Amino acid sequence: MPLGLTLINGLPDVGLVGVLAVSHLVSSLKMEEAGSIESELLPPLVVLHRGLPKSPIRIFFKESLAAIVSETAVPSEAVYSLADAIVKWANSKKAKIVISVGGMAVQNRQNIERPKVFAALTDENLIEILGNSAEVLQEGYMVGPYALILRKCLDFKISGVTLLAQSFYNYPDPEAAAAVLGSLEKITGITLDVSELLQKGEEIRLKAKDIMRRTQEEMSKMSKSHEYEVPPLYG
Amino acid sequence: MLKPRRRRALDIVNDSGRHARKLKNETFRSGWDEVARSIEPLSSVTVGAEEITVTVDLPLVDDKHVKVQVHGIDTVEVYAKTKRTVRFDDLGIKHRSGEFTCYHTLMELPEPVDGAKVIHHLKRGILEIRLPKLRQG
């Protein structure tokens, strides 16, 4: 795998937006499997694909692009070590930028035709790269693996961006996944056809039902509802 | 001295039923009922000041095939027929054969509601049920 790569994370979170988006990215670009993340803190399981056992958290690559996607809910007790492992690995590969994609729960999601995308950044200079692809989050809390990945990126002085599309909280949201991929395209130049995500949205939601249920359990253990609160201090 | 309230036989039967459903849901997380050919959808309950809002994720369902019933003052039942028979095979599940033609769920509500004033609608595949809280006294 080349050095200086762009790493994109798709971990189970709000609306499974990250998992749906990065799975679509991996299959659309026909990215190759390059490795996996193993930990005793993860559930003792393998995912069978075409009859072969696979790790539930795998790394894919193509040229200078790498992607990490998880097919199992990340247990709350594994979040710290997972974030740590991802950023240390990105650092070892001299990653140019780490982009995590996910969802941001909004109560009126049913009434939103085109989900807006928001971004959290490690560095003000990244606003230029972001352009008009997403609106920068100015104040608020982030909870979960992406929050820690962003913090670890700061520690390692790696550029980190988290892209969050407005989404349902506990229902898989392929439309939000398509929206976040639209923003990713503007930042990275990776062009993707997201029509499958939209046309097969109902089947995708049905297929993702069980992982969504397990993810919701883990989100409540992480106090994900904290994200609705307003921080008391000024930056 | 306070006397312990004697539970009615119906309460005990209802509690046993709830416990059995909970146990079944914990054991078979997919919520598939082979006999009824139904599956339990994802759902959530939000308590507001005036009403309780229940949402249910119902992909592959048309509005006209949704039935919502309120039982008593604290239970809501949702039944929704899918547009087509869904086989596990269609979802990429090969090791287990089976299919379902509807969603079914029975939800206990955290507070009593007025079942006569329930309204519901389906949008973007999400069913929203609004149940006004029961005003007592």
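Here is what the cut-offs are and how they apply
Residues numbered from 1 in each chain as written. Chains lettered and ligands numbered in written order. Predicted model: local features only at pLDDT ≥ 70, side-chain atom pairs only at ≥ 80, totals over all residues. Pairing = 2+ DSSP bridges. Helix = DSSP H or I, 4+ residues; strand = E, 2+ residues; numbered from the N terminus. Contact = placed C-beta atoms within 7 Å. Nonpolar A, V, L, I, M, F, W, Y, C, P; charged D, E, K, R; others polar. Axes fitted to C-alpha atoms, helices over the stretch in contact; angles between N-to-C directions. Core = buried A, V, L, I, M, F, W, Y, C linked by C-beta atoms within 7 Å. Buried ≥ 20, exposed ≤ 12 C-beta atoms within 10 Å, placed from the backbone. Expected span 1.5 Å × (residues − 1). Arc of directions from axis to C-beta.

Quick look at the sheet that holds strand β1 (residues 6-10) of chain A now. Residues and elements named next belong to chain A. In spatial order, the strands read β2-β5-β6-β1-β7-β10-β8-β9; together these eight strands make up an open sheet with mixed pairing. Two strands close off the open sheet at either side, each with one partner strand: β2 (32-36) and β9 (135-136). Sheet topology places strand β8 (residues 117-121) next to β9; two bridges connect them, and they run parallel. In the sheet register, F118 faces β9, and the bridge partner there is E135.

At the interface, 11 residues of chain A touch 15 residues of chain B. When contributions to the side of chain A that touches chain B are tallied by element, the ones reaching two or more residues are α7 (201-207) and α8 (209-221) of chain A. The residue inventory of the side of chain A that touches chain B, partitioned by class, reads three nonpolar, two polar and six charged.

This part covers the pairing of strand β5 (residues 57-62) of chain A. Residue and element names in this part refer to chain A. The pairing of β2 with β5 spans four bridges and is classified as antiparallel. Residue pairing for β5: G35 is matched across the bridge by I59. The pairing of β5 with strand β6 (residues 65-70) spans six bridges and is antiparallel. Within β6, the residue paired with F60 across the bridge is A67.

Before going further, it helps to examine the sheet that holds strand β8 (residues 119-123) of chain B. Residues and elements named next belong to chain B. If you trace the four strands from one edge of the open sheet to the other, you get β3-β4-β9-β8, paired in antiparallel fashion. Single-partner strands in this sheet number two, and they are β3 (43-47) and β8. Mean inter-strand twist for the sheet, computed between neighbouring axes without regard to direction, equals 15°. Relative to strand β9 (residues 126-132), β8 runs antiparallel, the two being bridged by five bridges. Considered in β9, the bridge of H120 is made with I129.

So, on to unusual backbone geometry. Residue and element names in this part refer to chain B. You will see that L60, though not glycine, has its phi angle at about 65°, which is positive. With respect to the element layout, L60 can be found in the loop between β4 (51-57) and β5 (61-71). Of note in this structure, R124 is not a glycine but carries a positive phi near 50°. The residue R124 is located in the loop between β8 and β9 in this model.

Looking at soluble globular proteins, one finds that nonpolar side chains tend to be buried together. Formed by 88 residues in total, the largest nonpolar core has its most connected members in A:V17, A:A67, A:V98, A:L163 and A:V180. Discounting chain neighbours no more than four positions away, the residues touching A:A67 are A:I8, A:G10, A:V22, A:L25, A:V26, A:M31 and A:F60.

Attention now moves to the environment of A:A208. All names here are of chain A. With respect to the helices and strands, A208 occurs in the loop between α7 and α8. Along the backbone, A208 and P145 are 63 residues apart, and their C-alpha atoms lie at a distance of 20 Å. Apart from the residues within four sequence positions on either side, A208 is in contact with L16, L20 and P172.

Residues and elements named next belong to chain A. With 14 residues, helix α2 (residues 79-92) extends 20 Å from end C-alpha to end C-alpha; this agrees with the ideal 20 Å at 1.5 Å per step. Here α2 has its buried residues at V79, L82, A83, I86, V87 and A90. Down the axis of α2, the smallest arc covering the buried residues is 120°, so these residues share one side. Those residues of α2 that are buried lie in contact with β1, β6, β7 (97-105) and α4 (145-156).

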